[in-house]
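Below, each chain spelled out in residue letters.
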Amino acid sequence: MTDIKLDEIPQLIESKKISFNQACILVYKKIYFEPIMFDIVDLDEDERSDFLLFFLQKKIPTLLKNFNPEITSFGSYVYTVLKLTKIDYRQKLVKQNNMTRTYIQESIIDYDDLLSRTQKAFFNLADKTEGYVPQTEEEKIPSLVYKKFFRPESHRLCVAESRKRKLKRGVLILALKSAWYLNDDEIHKVSNYCKISSDILSSTVCSLKANLINKALIREEIQNNRARAYCLINNYQLQMQNYGTCEGLPKFKRLEERMEFQKRSFTSKTKVLQSGRYKIAPTNAEIAKVLGIKTSIIANVLTRFRKLTPELFNDEK
């Protein structure tokens, strides 16, 4: 079998002297052991091995089935298909490498951002606090705690006490608005500042988080699609750079059109994310429900709280 020529293989299959699978292997071996004849010496050993394995799995069975002896010889047919496949294979490798480089660049950016946030979190551990411990049995019942927290005072408070009360309400509601992102230490700090049991606050945060899972999944999908668009934009730009000044080529124009499409996709998804429509935060109505108060109170507290300056917290420390 080692002396069989490529041109003889279709006839051997037809006469059933070799099976279809044997024919595939024979074609593969002919190419593998004669790289100069098939013009694949420009591939290094690893590339050649990967390419021929791909050719064996994806192309050889098809070319055996589609071969027409009235058009050309089988050897010429194999050579032509191999040549075209090699070009396509290399373009895919370039695309894959470009995508890999883009992902590496993005990973570096993400790593720097993660490192920065980790450092901040590390320094915050230095002043780690324990949550507020209830002093009475009433302070262990969520409905009573929140009712008292938002209940109007029976007498007029002094300016300092009134400001402190507004700050505590604002801190609590903002914390619940940020429920998805709160960790245990942050919950304890809010608990300690607002004088609300950390168990009650943790339970409230968990109930709000449970309703945010779908929002989080939708937002993650949008972010992933935007990241994919960004990677493709970079990939197309790198491919276009390889073409130099060949702007008139159909291939170049197709890349340009694809890149513009991905740019529009990236811009639209960025606008969606910035619009706040898929922000991972509970609505005022959801917060009002767990606190047992009217939605209008949540809106009013947030409106007033936005007007407060950070300096007002200095007196509370």
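This section reports on the structure supplied with the text. Residues take numbers from 1 onward in each chain, read along the sequence in its written order. With pLDDT at 70 or above as the cut-off, local features in this predicted model cover only qualifying residues; side-chain atom pairs require 80 or more to be listed or tallied, and sums for whole chains, interfaces and linings still use all residues. Water and hydrogen atoms were dropped before computing side-chain values, which therefore reflect all heavy atoms in the structure.

### Examining the packing of aromatic side chains
Working step 1: A pair of aromatic rings is counted whenever rings of Phe, Tyr or Trp (Trp by its six-membered ring) have centres within 6.5 Å, and the orientation is called stacked for planes under 30 degrees apart, edge-to-face for over 60 and tilted otherwise. Applying the stated criterion across every chain yields a total of nine aromatic pairs.
Working step 2: Residues Phe 51 and Phe 55 carry aromatic rings whose centres are separated by 6.1 Å and whose planes lie at 35° to one another, so their mutual orientation is tilted. With Phe 51 and Phe 55 both in helix 3 (residues 45–58) and four residues apart, this pair spans about one turn of that helix. The two residues Phe 51 and Phe 55 agree in class, both being buried.
Working step 3: Ring geometry for Phe 54 against Tyr 89: centres 5.5 Å apart, planes inclined by 40°, an arrangement best described as tilted. Here a helix means four or more residues in a row that DSSP labels H or I, a strand means two or more in a row labelled E, and each is numbered from the N terminus. A simple rule labels every residue: compare its accessible area, found with a 1.4 Å probe on the protein chains alone, to the largest value its type can have, and call it buried under 20%, exposed over 50%, or partly exposed in between.

### Considering the environment of Gln 11
Working step 1: Along the chain, Gln 11 turns up in helix 1 (residues 9–14).
Working step 2: What makes Gln 11 exposed here is its relative accessible area of 56%.
Working step 3: Here the alpha-carbon distance between Gln 11 and Pro 69, two residues 58 residues apart in the chain, equals 9.9 Å.

### Observations regarding the packing of helix 6 (residues 142–150) against helix 9 (residues 198–210)
For any two helices packed against each other, one specifies the inter-axial angle together with the distance between the axes.
Working step 1: Where helix 6 meets helix 9, the axes come as close as 10 Å, and the angle between the chain directions of the two elements is 95°. Relative to helix 9, the element helix 6 is oriented roughly perpendicular. Here helix 6 contributes Pro 142, Val 145 and Tyr 146 to the contact with helix 9, which in turn contributes Ile 200, Leu 201 and Thr 204.
Working step 2: Amino acids outside the nonpolar list (Ala, Val, Leu, Ile, Met, Phe, Trp, Tyr, Cys, Pro) and the charged list (Asp, Glu, Lys, Arg) are all regarded as polar, and Gly is one of them. Residues of the contact of helix 6 with helix 9, tallied by class, amount to five nonpolar, one polar and no charged. Lines fitted to the C-alpha atoms define the axes, with helices restricted to the stretch that makes contact. Angles between their N-to-C directions range from 0 to 180 degrees. In what follows, roughly perpendicular refers to angles from 65 to 115 degrees, roughly parallel to angles under 35, roughly antiparallel to angles over 145, and oblique to any angle outside these ranges. By definition in these notes, contact holds between two residues if any of their heavy atoms fall within 4.5 Å.

### Remarks on the pattern of salt bridges
Once their charged atoms are close, side chains differing in charge can pair, the charge on each being opposite to the other.
Working step 1: Any Lys or Arg side-chain nitrogen found within 4 Å of a carboxyl oxygen on Asp or Glu counts as a salt bridge. One pass over the structure, following the stated rule, counts four salt bridges.
Working step 2: Asp 39 is paired through a salt bridge with Lys 83; the nearest N and O atoms lie 2.3 Å apart. Residue Asp 39 is found in the loop between helix 2 (20–33) and helix 3, and its partner Lys 83 is found in helix 5 (residues 74–124); the two are separated by 44 residues along the sequence.
Working step 3: Exposure remark for Lys 83: the relative accessible area of 32% places this residue in the partly exposed category.
Working step 4: A salt bridge links Lys 86 to Asp 42; the nearest nitrogen and oxygen atoms lie 3.2 Å apart. Of this pair, Lys 86 sits in helix 5 while Asp 42 sits in the loop between helix 2 and helix 3, placing them 44 residues apart in sequence.
Working step 5: On the basis of relative accessible area, Asp 42 is assigned to the partly exposed category, the value being 38%.

### Overview of unusual backbone geometry
Working step 1: Of note in the backbone geometry, Asp 39 takes a positive phi value of approximately 55° without being a glycine.
Working step 2: Although it is not a glycine, Lys 195 sits at a positive phi angle of roughly 60°.
Working step 3: Residue position: Lys 195 is located in the loop between helix 8 (184–194) and helix 9.
Working step 4: Overall, Lys 195 belongs to the partly exposed group, its relative accessible area being 41%.

### Some remarks on a negative patch on the surface
Working step 1: Each patch is assembled from residues with relative accessible area greater than 30% and no salt bridge, linking like charges that lie within 9 Å and nonpolar side chains (Val, Leu, Ile, Met, Phe, Trp, Tyr) that lie within 5 Å. With residues, only the protein chains shown are counted as cover, and all accessible areas are computed by Shrake-Rupley using a 1.4 Å probe. For the purpose of counting charges, residues Lys and Arg are taken to be positive, whereas Asp and Glu are taken to be negative. His and the chain ends are not included. Working definition for charges: the position is that of NZ of Lys, CZ of Arg, CG of Asp or CD of Glu. A cluster of like negative charges, contributed by Asp 44, Glu 45, Asp 46, Glu 47 and Asp 50, occupies part of the molecular surface.
Working step 2: In this structure, Asp 44 sits in the loop between helix 2 and helix 3.

### Topic: the side chain of Thr 204
Working step 1: Its location among the elements puts Thr 204 in helix 9.
Working step 2: Side-chain atoms alone can form a polar contact between residues adjacent in sequence; in general such a contact is a pair of N or O atoms within 3.5 Å, and within protein one must be able to donate a hydrogen while the other accepts it. Within the structure, Thr 204 has its side chain in polar contact with the side chain of Tyr 146 (distance 2.7 Å).

From the geometry alone we can't say anything about function, so treat these as descriptive.
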